[in-house]
Amino acid sequence: MKKKVLLMGASGSGKTSMRSLIFSNNPASMTARLGATIDVEQNHVRFLGDLILNLWDCGGQDAFMDTYLTTQRSTIFQHVGVLIYVFDVESREMSKDLEYYTDCLDGLISYSKDASVFLLVHKMDLVRGDSEVFEKKRKELLAATGAKEATVFPTSIYDESLYKAWSSIVHTLIPNAAVLTKHLKTFAGICCATEVVLFERTTFLVIATSSQSDDGTDDLGMMATRYERTSDLIKAFKQSCARAREEFCALEVELPDFTAVLDEMTRNTYVLVVAHDPLVQTAALRLNIRMARSRFE
Ligand code: GTP
């Protein structure tokens, strides 16, 4: 099952940087060395079992944008599952950016009318995460989007906001996400866990959580950013392990307040089990994870 993901936006808006952070595990500091993308760079990322993301990073220089909208129009916009359009929050050419965006949206509606649209207001660190600036941009972008449904996220490569946005995007592509959530809920109950979270193995994007309710919200009353913080921290920890020439395998935390185990679940996933019951021990959690593996394959 191949899902085509189009990554578009003006040149320099940060598309290749986010791709290199999420999918190639490079640190943010390395993105300054990236050159402009020439034409389209295609990547196939095996995500979960049969799910392969076919990521099209479309170079944003005007000459390339013009060909996507004319001679390459059908090639670019057909069979698209998701369009991710990136806007630099400090762009000095917003009206031109919006013009290209609406032209791309027309192309998408003509060739892949059911595709989901995600808009990223990127480089939010440059405005220190200012929520008013974001809200203004969000309204502007939704007005330009018209009747087509779109979700807007504030992002930056320097914090966990990028993981939140990409986890939500990838979540829409997983066909059996609701079944996974149901299994995780059962597993959490069996382990006496407060919460169980499933991550994709290489990107550490969140695939499903046990605390998600049907409307997508969660009801534990814990820090809302805990998932993307975990993705970010684990990726940083994996980079440290790589620098020390050690391989990251699993993680255990046993503190007076809580117990947590992060361990391999399947070939493509890691699971995090968090329990606040002092009687729950990490060895028991690891045993339960081992016993549950075959159910999640
Ligand atoms: P094209 O390949 O020409 O389409 O550009 P692109 O959209 O792929 O831009 P690229 O990823 O090459 O990033 C351009 C510059 O933006 C790089 O110097 C990155 O370091 C910088 N950048 C990317 N993301 C962020 C961010 O979140 N914050 C800040 N401050 N800079 C960023």
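So, here's what we can say about the structure. Keep in mind the model is a prediction, meaning the values are calculated, not measured. (Residues numbered from 1 in each chain as written. Predicted model: local features only at pLDDT ≥ 70, side-chain atom pairs only at ≥ 80, totals over all residues. Heavy atoms only, no water.)

Here the focus is the pattern of salt bridges. Charged atoms that come close allow side chains of opposite charge to pair. Enumeration according to the criterion identifies 13 salt bridges in this entry. Where Arg 19 meets Glu 41, a salt bridge forms, and the shortest distance between an N and an O atom there is 2.5 Å. With Arg 19 in helix H1 (residues 15–24) and Glu 41 in strand S2 (residues 40–48), the pair connects residues that are 22 residues apart, well separated along the chain. For Arg 19, a relative accessible area of 9% puts it in the buried group. Across the pair Arg 293 and Asp 263 runs a salt bridge, and its minimum N-O distance is 3.7 Å. In this pair, Arg 293 is assigned in helix H9 (residues 282–296) and Asp 263 in strand S10 (residues 259–264), connecting sequence segments 30 residues apart. Residue classification places Asp 263 among the buried residues on the basis of a relative accessible area of 8%. (Salt bridge = Lys/Arg side-chain N within 4 Å of Asp/Glu carboxyl O. Helix = DSSP H or I, 4+ residues; strand = E, 2+ residues; numbered from the N terminus. Buried < 20%, exposed > 50% of the residue type's maximum accessible area, 1.4 Å probe, protein only.)

Our next topic: the site of the ligand. Taken together, 21 residues lie near the ligand, and Ser 11, Lys 15, Ser 17, Thr 37 and Gly 60 sit nearest. Between an oxygen atom of the ligand and a main-chain N or O atom of Gly 12, the distance comes to 2.9 Å. Contact between the ligand and Ile 157: an oxygen atom at 2.8 Å from a main-chain N or O atom of the residue. Out of a free accessible area of 660 Å², the ligand has 87% covered by protein chains. (Near = heavy atom within 4 Å. Polar contact = N/O pair within 3.5 Å; in protein donor to acceptor, adjacent residues only side chain to side chain. Areas by Shrake-Rupley, 256 points an atom, 1.4 Å probe, with all protein chains shown as cover.)

Moving on, we get to helix H2 (residues 62–69). Along H2, the residues that are buried comprise Phe 64, Met 65, Tyr 68 and Leu 69. Seen along its axis, H2 keeps its buried residues to an arc of 135°; they face one direction. Those residues of H2 that are buried lie in contact with strand S1 (2–9), S2, strand S3 (51–58), helix H3 (73–77), strand S4 (80–88) and helix H4 (94–111). (Arc of directions from axis to C-beta. Contact = heavy atoms within 4.5 Å.)

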